[in-house]
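# Analysis of the macromolecular model
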Amino acid sequence: MAWSLLHSSFMQSILSIVPLTIRKSLEGSPASPQDLPSSPSVGSERPEPWKDEVDRWRQLADKTGTERDQLRHEANQLHVELQRLAQDLDQARNEAEEGFKAQEQELQRQREAMKKMDEEVLKREENIRKMADEVLQREDDVKRREDEAKRKDEELEKIRDELRKAMNNAFEEKQQRMSTQALLDTRLSEVEELKLVSGTDVVAEDEVLKLLQKLNVDIAQTAKATREVFKLDKNTRPNGKAATEAAGAIEGWVGSALPVLLSTQHRGNAVLLQAALQAMAVAFSSWISSSYSFMHEHDQILDETYKYVMNSESQAVLGRWRALTHKYAKQGMPNLVDELTKMFITDVRNLLLVAGASTFQIDSLVSRRRDGFRAIVESAINLRKAIGEDIVSCDFETVLIHPGDVFDGATMENSYDPGSKDLTSGSGKVICTSAMGLRRCKKIKTHGKAESQWDVSVLHKPQVVLESAILSGSL
C-alpha cells in the first residue's frame with residue numbers, strides 16, 4: 001500500500017511539468033478548438049493585412065507542428081525514461097522490501113539476543129545477589145574468625161608468657177645441673193686421681209674378662225660373616241707380584257705358614273680363610289691393647305723405660321706410670337678409631353688378595369663388612385683403656401701363641417677339634433691363634449726377701465688352630 005501511494009505521487013509530479021499540448025498528444029487526443037487560434041470566415045470582408053496574418057499563422061502552425069513532432073519525440077524519450085525509472089523504482093522497491101525483510105530479521109534476531117541478554121542479566125543479578133549474600137556471610141565468618149583469632153592470640157600470648165617463664169626456669173635448672181655436673185666431674189676426676197695415686201682400680205677384674213670375651217666374639221662373628229661372602233677368583237695369580245707383596249705384609253700378624261697354605265693347596269678354603277682372619281684380628285687387637293702411642297719407634301722407647309721402672313719400683317708406682325703413659329701417649333692420634341680401622345682394613349685386603357679374591361670382590365666385601373671391622377677396633381680400644389689406664393694394682397696382658405709352638409693343653413685350647421668336646425686335647429704344632437687369652441701379672445713383696453716377686457695367673461686361655469687340623473682335612 002505504501003509503495004502504491006509512492007508510485008502514484010511520483011507519476012503525478014512528472015506529468016505536472018509536461019506542457020498541456022504534450023500531455024494531450026501523449027494521451028492521444030487532438031487539441032480543442034479553443035486551444036488553436038481563430039481564423040476569419042470565408043466570404044467576409046477582411047482587410048488586406050489578413051493575408052499576412054494567415055501566413056503568420058501558417059508559419060506558426062508549421063512551427064508548431066515541428067515543435068509538436070519534437071515534443072512528441074521528447075515525450076517518447078521521456079516515456080522511455082519513465083519506463084526505465086519505473087523499472088529502477090521496482091528494483092529499488094524489491095531491494096527495499098528485501099532490505100526491510102533483512103532488517104526485520106536482524107531486528108528479530110536482536111530482539112531474541114536482547115531477550116537472552118535480559119535473561120542473562122537476570123541470572124547475573126541473581127548470582128550477584130547470591131554472591132552479595134555469600135560476601136555478607138563470609139564477612140560475618142571473617143569477623144567471627146577474627147574474634148576467635150584475637151581470643152586465641154590472647155591465649156597464645158598467655159602460653160608464651162608461661163613458656164618464657166618455663167624456659168627461664170629450665171635455663172636456671174640447666175645452669176644448676178651444669179654446675180652440679182661440673183662439680184661432679186671435678187669430684188670424679190679427683191677420685192680417679194686419688195685412685196691412681198693410692199693404687200685403686202677403676203674397673204674390676206670381671207669387667208676386664210667381659211671386655212676380652214666381647215672382643216673375641218666380635219672377631220669370630222666378623223670372620224665368619226666375611227667367610228660366607230668370600231669367593232675364589234680363579235683368574236688371579238697366586239704367585240703374582242701383588243699377592244706376594246700382600247703375603248709379606250701380613251706375615252707379621254699371622255706368621256709365614258698361613259699365607260703359603262692360603263695361596264697353594266688350600267687356595268679358596270673358606271674355613272681356613274676364617275681362621276686366618278681371626279688370627280690377624282687377634283694379633284692386631286693384641287697390639288692395640290698393649291701399644292702406648294701406636295707408633296713403633298715411640299713404643300720401643302716406652303717399653304724399655306717400663307722395663308726399668310718394673311725392675312726398680314713397686315706395683316703402685318709401676319701401675320701409675322703405665323696408666324698415665326697409656327693415657328697421654330696416644331694424643332698424637334685424635335681420630336683413633338678411624339685411623340686404626342683404616343689400618344686394619346688394609347691388612348684384611350692383603351689377606352683376601354692372598355686367599356684368591358679379586359680386587360672388585362675385595363672392595364665389595366670390605367664395604368659390606370666395614371662395620372664389623374670397626375667394631376673389632378672399638379672393642380680392642382675399650383680393652384686397652386681398661387687394662388692400660390683404669391687398673392694400677394696389677395698388669396693385664398693379652399696372650400697369643402706363636403705359630404710353630406707345640407700345643408699345650410695347660411696353657412691353650414684347641415678351637416678346631418670337631419671330634420672332641422675337650423678343648424685341651426690335641427697334639428702337634430700351632431699354626432695360629434684364633435682367640436686371645438688373658439693373664440694377670442702382679443709385683444708383690446715377699447716377706448724375708450729383698451727383691452719383689454711376680455705373681456702370674458692365666459685368667460683366660462687362648463684358642464689356637466693346629467697344623468694337624470689342616471693335615472687331617474678338618475678345615
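Please read these numbers as outputs of a predicted model, since none were measured by experiment.

Once that is clear, we can look at the overall build of the protein chain. From N to C terminus, the protein chain includes 12 helices and six strands. Across the protein chain, contacts joining residues at least 24 apart in sequence account for 77% of those joining residues at least 6 apart. In the structure as shown, the protein chain presents an accessible area of about 31,100 Å², 53% of it carried by carbon and sulfur atoms.

As a further point, take the sheet that holds strand 6 (residues 463–466). Taken together, the three strands give an open sheet; going across it, the order is 2-6-3, and neighbouring strands pair in mixed fashion. Of all strands in the sheet, those bounded by a partner on one side alone are strand 2 (413–414) and strand 3 (430–435). Bridge analysis of strand 2 against strand 6 gives two bridges, and the strand direction is parallel. The partner of E413 across the bridge, within strand 6, is Q463. Sitting on the sheet, helix 7 (residues 270–290) touches strand 3 and strand 6, and the angle it makes with strand 3 is about 70°.

Applying the stated criterion to the full structure yields 23 salt bridges. Residues E53 and R56 are paired through a salt bridge, measuring 2.0 Å at the closest nitrogen-oxygen approach. Of the two residues, E53 and R56 are both situated in helix 3 (residues 50–198); the distance of three residues between them amounts to about one turn of the helix. With its nearest N and O atoms 2.1 Å apart, the salt bridge here joins R109 to E106. With a gap of three residues between them, R109 and E106 both fall in helix 3, about one helical turn apart.

Pairing between strand 3 and strand 6: four bridges, direction antiparallel. Pairing of A435 across the sheet is with Q463, part of strand 6.

Per the stated rule, a full pass over the model turns up eight aromatic pairs. For the pair F344 and F373, a centre-to-centre distance of 5.8 Å together with 85° between the ring planes defines the contact as edge-to-face. In this pair, F344 is assigned in helix 10 (residues 336–355) and F373 in helix 11 (residues 359–388), connecting sequence segments 29 residues apart. Looking at F373, the relative accessible area reads 2%, which means it is buried. What links up through ring pairs into an aromatic cluster is the set W253, F284, W287, F294, F344 and F373.

Attention now goes to the side chain of H326. Within the secondary structure layout, H326 lies in helix 9 (residues 315–329). Relative accessible area serves as the criterion here: at 4%, H326 is assigned to the buried category. In contact with H326, other than residues within four places in its own chain, are S289, S290, S291, Y292, R384, G388 and E389.

This paragraph deals with the packing of helix 5 (residues 241–254) against helix 10. Packing of helix 5 against helix 10 brings their axes to within 8 Å, and their N-to-C directions diverge by 125°. With respect to helix 10, the axis of helix 5 lies oblique. The two elements helix 5 and helix 10 cross, and the hand of that crossing is left-handed. Taking contact as the criterion, the partners of A242, A243, A246, A247, A249, I250 and W253 in helix 5 are, on helix 10, D347, N350, L351, L353 and V354. Here the contact of helix 5 with helix 10 is built from residues that sort into 10 nonpolar, one polar and one charged.

A separate point is the sheet that holds strand 4 (residues 437–444). The sheet built from three strands is open, its strands ordered 1-4-5 with antiparallel pairing. Edge positions in the sheet fall to strand 1 (395–399) and strand 5 (453–460), since each has one partner strand and no second. Averaged over all pairs of adjacent strands, the angle between their axes in this sheet comes to 25°, without regard to strand direction. Taken together, the seven bridges between strand 4 and strand 5 define a ladder with antiparallel strand orientation. Paired with I444 across the bridge in strand 5 is Q453.

Attention now goes to the confidence of the model for the protein chain. For the protein chain, per-residue confidence averages 82 on the pLDDT scale, and residues scoring 70 or more make up 82% of the total. Here residues 25–44 is modelled with pLDDT under 50, and outside its nearest four sequence neighbours on either side it reaches 10 contacts, counting other chains as well.

The next point concerns the pairing of strand 4. Note: strand 1 against strand 4, five bridges, orientation antiparallel. Note that in strand 4 the partner of T398 across the bridge is L438.

Interhelical geometry of helix 8 (residues 296–312) versus helix 9 gives an angle of 165° and a closest axis separation of 10 Å. Comparing the axis directions of helix 8 and helix 9 gives the class roughly antiparallel. Judged by the twist between their axes, the crossing of helix 8 over helix 9 is right-handed. Between helix 8 and helix 9, the residues in contact are L302, T305, Y306, V309 and M310 and L318, W321, R322, T325 and A329, respectively.

Parameters and conventions
- Residues numbered from 1 in each chain as written.
- Predicted model: local features only at pLDDT ≥ 70, side-chain atom pairs only at ≥ 80, totals over all residues.
- Heavy atoms only, no water.
- Helix = DSSP H or I, 4+ residues; strand = E, 2+ residues; numbered from the N terminus.
- Contact = heavy atoms within 4.5 Å.
- Areas by Shrake-Rupley, 256 points an atom, 1.4 Å probe, with all protein chains shown as cover.
- Pairing = 2+ DSSP bridges.
- Axes fitted to C-alpha atoms, helices over the stretch in contact; angles between N-to-C directions.
- Salt bridge = Lys/Arg side-chain N within 4 Å of Asp/Glu carboxyl O.
- Phe/Tyr/Trp six-rings, centres within 6.5 Å; stacked < 30°, edge-to-face > 60°.
- Buried < 20%, exposed > 50% of the residue type's maximum accessible area, 1.4 Å probe, protein only.
- Parallel < 35°, antiparallel > 145°, perpendicular 65-115°, else oblique.
- Left-handed = near helix turned anticlockwise from the far one by under 90°.
- Nonpolar A, V, L, I, M, F, W, Y, C, P; charged D, E, K, R; others polar.
- pLDDT = per-residue confidence, 0-100.

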